[in-house]
Amino acid sequence: MDSSSSLPHRIGAGIALVALLGAAAFSVVATRQARQTIELRRTLRDRLSLVLPFESALTQAESGQRGYLLTAEPAYLDTYEHGRTQVQALMADPRLAQAVDPSVLPLAQVKLDEMAETVALRQAARPEAALARVREGSGLHLMSRIRELCNDRVLADQDRLDLLNRQVHTELGHIAACLLATLGLAGLFLGTTLSETWRRRKTQRTLRWQEARYRTLVDHLPVGIFELDQTGHTIYRNAAQRSLFGFSDADPGPDAWRPLVHPEDLPRVSESLAAALREVRAFHDEYRICKSGEPERWVRVEGRPSFGPDGEHIGYFGTLIDIHSEKTQMLAAREAQEAHHRAFFELATAGLALTDLAARRFLSVNEAMCQLMGYSPEELLELDLVELTHPDDRARSEAALRRCIDGEIIGDRYEKRYRRKDGSWIWVDLSFALMRKDSEGGAIAATIAVDITERKSIEAEMIALNSELEHRVAQRTRELTDANRELEAFSYSVSHDLRAPLRHLDGFAGLLERHLTQTADEKTKHYLNRIGNAARTMGALIDDLLAFSRMSRQELRTGAVDLDALVKGIVEEFPDHIHWSIGSLGRVHGDASMLRQAFRNLMSNAVKFSRESSTPAISVTLEEQRNGRHVYCVQDNGVGFDMTYRDKLFGVFQRLHPESQFEGTGIGLAIVARVVHRHGGDVWAESTLGHGARFYLSLPALEQGEAA
Amino acid sequence: MTTTKRILLVEDSPSDVELTLEALATHQLVNEVVVVNDGVAALDYLFRQGAFEGREASNPALVMLDLKLPRLNGHEVLRAIRQNPATANVPVVILTSSREEADLAQGYHEGANAYVVKPVHFKDFIEAVGQLGVFWALVNEPPAGSLRRMDS
């Protein structure tokens, strides 16, 4: 049955065949058994046909004997003789011995002898003796015994015969049924087989047609298709395949393709093919076919092992495609790109290299790299990169390579030192990026090295300078701190110790005045008064100097300062008769207490120098807001000052008016200047003598995001 | 045995002592004053130790304390007074030449009851010290344990 037969068909036919064989076997066995049964029945019938005549012949002989004995009629004697002869004839038949009980035949012989004796006695005319013998009764007894034995057997045999008759009937029925079944199954089997054969024939026809169709298709494909046996001989090659190699229809032999492969490609192709054949696996390759007198052509071959129905390897099949135009284009493009890269590689001013990370070696280097290192390319490729690296940088460098080889990173950038051929060290900014990796742990990276030796030396110089600067700053700061501390102690001493003698001076002058109340003349009082005034003036000077010093030393506590509120607060410290004109001042960034001091000094100055005016008028205004600065102006209509001396205006102890006209220590404006300068601002003044003065100060505006 | 006075004046400058006593005398308070010249003596007096061991057990109604003192300065003395439970509530007025903000802030922080800068002008000085004495020694009710005025 071919492979196109369906499984149900096969199973059906199988079952039919098995059933047929079973039925045949059964009918053979049943027939044999029936035959045996018939045989047995015949034996039994034969037996009965002997026993019944035997019994009846013996009875006939006995009745003849009795008749003769009683009548001595010869007719009885004939009957007797006839019976006797029959009995003897039957007893001579060996089958009788088997058909009756073994004791019957001896008993019959005794009976025969007794009858012969009595008959003989009668013939000898001794009827009494004969009758006496009969009356003994043994003859009667014998006869009934024989009859009894024979009847028992006959009855049993008849029963058995009946049974056998029934049995034979049944078995014959079985055989008939079996024959019918066999006939049916044989018909079924025949039908199935016939339909299967018909179907198969049709399938084969279809297959042949399809195969022819496919072959036509395959033969006309532009792709070469081949099928080879295990030895490399052709099973099939389509037209395209033959044409690519220039083969004819005949099998060209297993090695015919080799001379046609480009000599450069042949070793590689042979090797890969041999490996694939050895391991019974698929293979693919690209190579050039060179037919004599024709230009070479690139082809791509792909093949895979083919297997027989039982999975055995029977050969190879595959395809061969002409890839000439794509391949040549691709190669040309690659060549162009490589030339491109090569040009960049060689022209780059940075040192470029291909590096084998695992071997710690350069695989290729550009001109700049050679100049950087001071070696020729050939020398450079021979050198161990670890050896070239500064001992202090090796750990960093090795860690980067190791992590890249282990796949943790795909590149890195760091600064390190290389030793040049002349033994000097150069600093490079080194970057590398992994390009490819192979299974044996090899890793190729693109490396860029930029000489940063100069930058490094500048950096080092800068670090040295910075550290020196820091050192100097620290020293200056220390000196300044010391100076500040001394100044602090000095101020404290001034505040406390210098004031005490003044107080004593004034105190004891006072006491002296009180003591002399009765006797002192005017002159004494005047002198005592002078002593007291001098002491008090010096006290005021000390206070102002300390305030000035405090403005210089005190730390700025800056924040948003509301000048509107601050100036209004100061205005209330002065007498009511002054006409104040306060503009909208806004807010600045500064130290509120210091600014209060500055504005207070400016405003009290204005009050002081305008007190001779009949209508003192003082204004405080915001003049300008620009570049993060506010410019304020405090203007009065007082005596003003001579602009010639404006440079002295803000100096310590500088006065432009005699003390007899305007009292003061000459420190107020110096404090203003100090406060404004500490805020990063400027202070200046304008005036025309006799026409008032304008004092300007610039202060920083609020900082970005400073609390509103 | 030293008797307890109502005012303890801690002042090292003899001139200041004299002027202060003069000011107090103007207000008839001079007999109420005991003068010590440095910080250690001040504490000895207050804690009844050293030269003042066995002194009558009561606190003055007022301590007038200069800041610049030999041995222990005024700030140290003030801290010791406030740390001792027996003297923690004694009124202390700092009477000093220093106008320094730092001294002022520190003085209050340490528990001074008042801070008075000695005026340079004699008349002002007499006035200021006299008023202090009158207020603290006569007007003010001192805390328990202080010597009270006999006639009150």
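It should be noted that the structure appears before, not after, this text.
Numbers given for residues are sequential positions, taken from 1 along each chain in its written order. Throughout, the order in which chains and ligands are written sets their labels, letters from A for the former and numbers from 1 for the latter. With the structure being a predicted model, the display of local features is reserved for residues of pLDDT at least 70 and the display and counting of side-chain atom pairs for 80 or more, all residues being used for whole-chain, interface and lining totals. The side-chain values count all of the structure's non-hydrogen atoms but skip hydrogen atoms and water molecules.

Considering the overall build of chain B
Across its full length, chain B holds five helices and five strands. Think of it in three bands: with a 1.4 Å probe and only protein chains considered, a residue is buried below 20% of the maximum accessible area for its type, exposed above 50%, and partly exposed in between. Taken over 152 residues, chain B has a buried fraction of 52%. All accessibility values rest on the Shrake-Rupley procedure with a 1.4 Å probe; residue burial counts only the protein chains present in the view. On chain B, roughly 6800 Å² of surface is accessible, and the fraction owed to carbon and sulfur atoms is 51%. A run of H or I in DSSP becomes a helix once it reaches four residues, and a run of E becomes a strand once it reaches two; helices and strands are each numbered from the N terminus.

Thoughts on the overall build of chain A
Helix and strand content of chain A: 18 helices and 17 strands. Residues classed as buried in chain A amount to 37% of the 708 residues present. Here, two residues are considered to be in contact whenever any of their heavy atoms come within 4.5 Å of each other. Taking contacts inside chain A between residues at least 6 apart in sequence as the whole, the part at least 24 apart equals 59%. Counting only carbon and sulfur atoms, one obtains 56% of the accessible surface of chain A, whose full area is about 40900 Å².

What to know about empty space enclosed by the protein
Residue and element names in this part refer to chain A. Here a cavity is any set of points on a 1 Å grid over the protein atoms alone where a 1.4 Å probe fits but cannot get out, and a pocket is any open set with protein on both sides within 12 Å along at least 5 of 7 lines; a residue lines the site when it has an atom within 4 Å of a point. Grid points are joined across faces, edges and corners, and a volume is the space filled by probe spheres set on the points. Evaluation of the coordinates by the stated rule reveals one cavity of 30 Å³ or more. In this model, the largest cavity occupies a volume close to 140 Å³. Looking at the largest cavity, it is lined by 17 residues, and the ones nearest its centre are L385, S397, L401, K416 and Y418. Of all elements in the fold, only α12 (385–388), α13 (394–405), β8 (411–419) and β9 (425–437) reach the threshold of two or more residues within the lining of the largest cavity. In terms of residue count, the dominant contributor to the lining of the largest cavity is α13 (four residues). Taken together, the residues of the lining of the largest cavity break down into nine nonpolar, four polar and four charged. The classification used treats Ala, Val, Leu, Ile, Met, Phe, Trp, Tyr, Cys and Pro as nonpolar, Asp, Glu, Lys and Arg as charged, and all other residues, Gly among them, as polar.

Observations regarding the sheet that holds strand β3 (residues 62–65) of chain B
Sheets are built from strands that pair by backbone hydrogen bonding, the pairs being arranged parallel or antiparallel. All names here are of chain B. Pairing between strands is defined by DSSP: at least two bridges between the two strands are required. If you walk across this open sheet you meet the five strands as β2-β1-β3-β4-β5, and the pairing is parallel. Taken across any chain shown, the strands that pair with only one partner, and hence form the sheet edges, are β2 (33–36) and β5 (114–117). Strand after strand, the sheet turns through a mean of 20° between neighbouring axes, direction not considered. Sheet analysis places strand β1 (residues 7–10) next to β3, joined by four bridges and oriented parallel. The axes are straight lines fitted to the C-alpha atoms, using for helices just the contacting stretch, and the angles between their N-to-C directions are given from 0 to 180°.

Overview of the layout of surface pockets
Residues and elements named next belong to chain A. Approximately 450 Å³ is the volume attributed to the second largest pocket. For the lining of the second largest pocket, the secondary structure elements donating two or more residues are β1 (224–229), α7 (239–245), α8 (266–279), β3 (283–289) and β5 (313–322). Its residues assigned to classes, the lining of the second largest pocket comprises twelve nonpolar, six polar and four charged.

Re a nonpolar patch on the surface
Residue and element names in this part refer to chain A. Taken together, the side chains of L7, I11 and I15 make up a nonpolar region of the molecular surface, amounting to roughly 310 Å² of accessible area. Relative to the elements of secondary structure, I15 occurs in helix α1 (residues 7–71). Overall, I15 belongs to the exposed group, its relative accessible area being 56%. By definition, no residue in a patch forms a salt bridge, and every one has over 30% relative accessible area; like charges are joined within 9 Å, nonpolar side chains (Val, Leu, Ile, Met, Phe, Trp, Tyr) within 5 Å. Salt bridge criterion: a side-chain nitrogen from Lys or Arg within 4 Å of a carboxyl oxygen from Asp or Glu.

Details of the interface of chain A and chain B
Each partner contributes residues to the interface: chain A has 21 residues there, and chain B has 23 residues. Surface buried jointly by chain A and chain B totals about 2100 Å² across both partners, of which 56% is contributed by carbon and sulfur atoms. Across the chain A-chain B interface, the total number found is two salt bridges. When the shortest N-O distance is used, the salt bridge between B:D16 and A:R503 registers 2.8 Å. Within 3.5 Å is the distance limit for a polar contact, defined as a pair of N or O atoms, with the added protein rule that one can donate a hydrogen and the other accept it, and that residues adjacent in sequence qualify only through two side-chain atoms. In this assembly, chain A and chain B are joined by seven residue pairs in polar contact (both at pLDDT 80 or more). Of all elements in the fold, only α14 (453–515) and α15 (522–553) of chain A reach the threshold of two or more residues within the side of chain A that touches chain B. Using a 1.4 Å probe, buried area is obtained as the accessible area two parts lose upon being combined, added over both of them.

Some points on unusual backbone geometry
All names here are of chain B. Even without being a glycine, R48 presents a positive backbone phi close to 55°. Its location among the elements puts R48 in the loop between α2 (39–46) and β3. One non-glycine residue, R71, lies in positive phi territory at about 60°. The residue R71 is located in the loop between β3 and α3 (74–83) in this model. A relative accessible area of 63% places R71 in the exposed class.

Brief notes about the side chain of B:D66
Position of B:D66 relative to the elements: it lies in the loop between β3 and α3. For B:D66, a relative accessible area of 2% translates into the label buried. If sequence neighbours within four positions are ignored, B:D66 has contacts with A:H496, B:V10, B:E11, B:D12, B:G74, B:L95, B:T96 and B:K118.

Quick look at the pairing of strand β13 (residues 587–591) of chain A
Two faces, one strand: in a regular strand the side chains alternate between the faces of the sheet. All names here are of chain A. Counting buried residues in β13 gives four out of five residues, a clear majority hidden from the surface. Bridging between strand β11 (residues 558–562) and β13 involves five bridges; their strand directions are antiparallel. If you follow G559 over to β13, its bridge partner there is G590.

Examining the environment of A:P700
Residue and element names in this part refer to chain A. Among the structural elements, P700 can be located in strand β17 (residues 693–700). Residue classification places P700 among the buried positions, given a relative accessible area of 13%. Linking P700 and R587, residues 113 residues apart in sequence, is a C-alpha distance of 9.4 Å.

With respect to the sheet that holds strand β4 (residues 297–307) of chain A
Residues and elements named next belong to chain A. Within the open sheet, the five strands sit side by side as β2-β1-β5-β4-β3. Their pairing is antiparallel. Each of the sheet's edge strands pairs with one partner strand only, and the pair in question is β2 (234–237) and β3. Within the sheet, the average angular offset between the axes of one strand and its neighbour, ignoring direction, is 20°. Sheet topology note: the β3/β4 ladder contains seven bridges and is antiparallel. When the sheet's bridge partners are listed, I289 is paired in β4 with R297. Against the sheet, α8 engages β3 and β5, with an angle of about 155° to β3. Contacts from helix α9 (residues 324–347) reach β3, β4 and β5, with the element oriented near 120° to β4.

Quick word on the packing of aromatic side chains
Residues and elements named next belong to chain A. The criterion for an aromatic pair is that two Phe, Tyr or Trp rings (for Trp, the six-membered ring) have centres within 6.5 Å, with stacked assigned to planes under 30 degrees apart, edge-to-face to planes over 60 apart and tilted to the rest. Applying the stated criterion to the full structure yields ten aromatic pairs over all chains. Aromatic side chains F245 and F247 sit 5.1 Å apart centroid to centroid with 15° between the ring planes, which places their arrangement in the stacked category. On the basis of relative accessible area, F245 is assigned to the buried category, the value being 5%. F247 gets classed as buried once you look at its relative accessible area, which sits at 14%. Between F283 and Y316, the aromatic rings sit 5.7 Å apart at their centres with planes inclined by 55°, giving tilted as the arrangement.

Some thoughts on the pattern of salt bridges
All names here are of chain A. This structure, assessed with the given rule, holds 48 salt bridges over all chains. Between R147 and E62 there is a salt bridge, with its nearest N and O atoms 3.9 Å apart. Here R147 is found in helix α6 (residues 138–220), whereas its partner E62 is found in helix α1, with 85 residues between them in sequence. A relative accessible area of 29% places R147 in the partly exposed class.

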